[in-house]
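So you can see what is in the structure, the chains are spelled out below.
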Amino acid sequence: MYNYVSGKLVEVTPAYAVIDCGGVGYLLEISLTTYTQIKDMSEVKLLTHFVVREDAQMLYGFYEEKERTLFRNLVNVNGVGVATARVMLSSFATDELAQAIVSQDVKTVQSIKGIGAKTAQRIVLELHDKLGKMDELNISPVRGGIRGNKNQEEALSALLALGFPKSAAEKAVHKIAESEPDATVENIIKMALKML
């Protein structure tokens, strides 16, 4: 119904923002991530997600599309409501949370307040493939090691540029990372080419 709200930022707290848009003050529930990005602004545009419940109609606001995308995916998981999704997005930066899900890091997801073992497993199970395929999130579905390791990241990029499927290239680079974590970019590519 509403795609975004743009206007003067009248009030902002870590939990909500009030935006004056044409003389109407819209209250948008926000995450700590969005709060950090907008707290010093006077004019702001927040992307929205509209929720209608029996007892309330609420607008959730997001500074970046990737945060809204992740939020919408989280609330589609059985057992994850809008409040839980907002807590998750407040606990980790969008990229960190998406990476934890894509790399099937259940412990990290479970470390969020209010997320039990079963819910964490369900989130990872339902979303790891889906999020890994979303270009706007720009996340590589790899288990530990590649993100943050420049040689492995560069080797993966080179393999993708050569036309190899993303999932196969990631598996190959991950396997090499486990056996030779300090391999050079060239060596990773050479070894991966033998596996692909």
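See the structure above.
All figures in this text were calculated on a predicted structure; none of them were measured in a lab.

Undergrad: Before we go on, may I ask you to explain the overall build of the chain in this structure?
TA: In terms of helices and strands, the chain carries 9 helices and 5 strands. Scanning the chain from its N terminus toward the C terminus, one meets helices and strands in the order β-β-β-α-β-β-α-α-α-α-α-α-α-α. Buried positions account for 40% of the 196 residues belonging to the chain. The contacts of the chain with a sequence gap of at least 6 include a subset with a gap of at least 24, amounting to 52%. In the structure as shown, the chain presents an accessible area of about 10700 Å², 49% of it carried by carbon and sulfur atoms.

Undergrad: Can you walk me through the sheet that holds strand β1 (residues 4-12) in this structure?
TA: Strand pairing in a sheet is mediated by backbone hydrogen bonds. Such pairs are either parallel or antiparallel. Pairing in this closed barrel of 5 strands is mixed, and the strands run β1-β2-β3-β5-β4 around the ring. On average, each strand axis in the sheet is tilted by 55° relative to the strand beside it, whichever way the strands run. Sheet topology note: the strand β4 (residues 43-52)/strand β5 (residues 57-62) ladder contains 6 bridges and is antiparallel. Each residue of the ladder has a partner; that of Thr-48, found in β5, is Gly-61. Along the sheet face, helix α2 (residues 65-75) touches β4 and β5 and points at about 10° away from the line of β4. Together, β3 (24-29), β4 and β5 form the strand contacts of helix α3 (residues 82-91), whose direction differs from that of β5 by roughly 20°.

Undergrad: Any chance you could explain the nonpolar core here in plain terms?
TA: Nonpolar side chains tend toward joint burial in soluble globular proteins. The biggest cluster of nonpolar side chains holds 27 residues, and the ones touching the most others in it are Leu-70, Leu-74, Met-88, Leu-97, Ile-101, Val-109 and Ile-123. For this core, the elements supplying multiple residues, two or more each, are β5, α2, α3, α4 (94-102) and α6 (117-132). Apart from the residues within four sequence positions on either side, Leu-97 is in contact with Leu-70, Leu-74, Met-88, Leu-89, Phe-92 and Ile-112. Of all hydrophobic cores here, the second largest spans 12 residues; its members include Leu-159, Ala-183, Ile-188 and Ile-189.

Undergrad: So what exactly am I meant to see when it comes to the packing of α2 against α3 here?
TA: When two helices pack together, their arrangement is given by the angle between their axes and by how far apart the axes lie. Between α2 and α3, the shortest axis-to-axis distance is 9 Å and the interhelical angle comes to 135°. Of the possible angle classes, the one that applies to α2 and α3 is oblique. The handedness of the crossing between α2 and α3 is right-handed. Along the contact surface, α2 presents Glu-67, Leu-70, Phe-71, Leu-74 and Val-75, while α3 presents Val-82, Ala-85, Arg-86, Met-88 and Leu-89. Classifying every residue of the contact of α2 with α3 by side-chain character gives 8 nonpolar, no polar and 2 charged.

Conventions used here
- In this numbering scheme, every chain counts its residues from 1 along its sequence in written order.
- Per-residue local features are limited, in this predicted model, to residues with pLDDT of at least 70; the limit for side-chain atom pairs, both in listing and counting, is 80 or more; totals at the level of whole chains, interfaces and linings are taken over all residues.
- To get the side-chain values, take all heavy atoms of the structure and skip hydrogens and water.
- In this text, helices come from DSSP runs of H or I with a minimum length of four residues, and strands from runs of E with a minimum of two, each type numbered from the N-terminal end.
- Burial classes follow relative accessibility: with a 1.4 Å probe on protein chains only, a residue under 20% of its type's maximum area counts as buried, one over 50% as exposed, and anything between as partly exposed.
- Two residues qualify as a contact provided that any one of their heavy atoms is within 4.5 Å of a heavy atom in the partner residue.
- Here the open area of atoms and residues is found with the Shrake-Rupley method and a 1.4 Å probe, where only the protein chains shown may cover a residue.
- By definition, two strands form a pair when at least two bridges between them are found by DSSP.
- A fitted line through C-alpha atoms represents every axis, and for helices the fit uses only the stretch in contact; the resulting angles, taken between N-to-C directions, go from 0 to 180 degrees.
- We call a set of buried residues a nonpolar core when its members are Ala, Val, Leu, Ile, Met, Phe, Trp, Tyr or Cys and they connect through side-chain atoms within 4.5 Å of each other.
- Oblique is the label for any angle not covered by the other classes, which are roughly parallel (under 35 degrees), roughly antiparallel (over 145) and roughly perpendicular (65 to 115).
- By convention, the crossing between two helices is left-handed when the near helix turns anticlockwise from the far helix through less than a right angle, and right-handed when the turn is clockwise.
- Any residue that is not Ala, Val, Leu, Ile, Met, Phe, Trp, Tyr, Cys, Pro, Asp, Glu, Lys or Arg is counted as polar, Gly included; the first ten are nonpolar and the last four charged.

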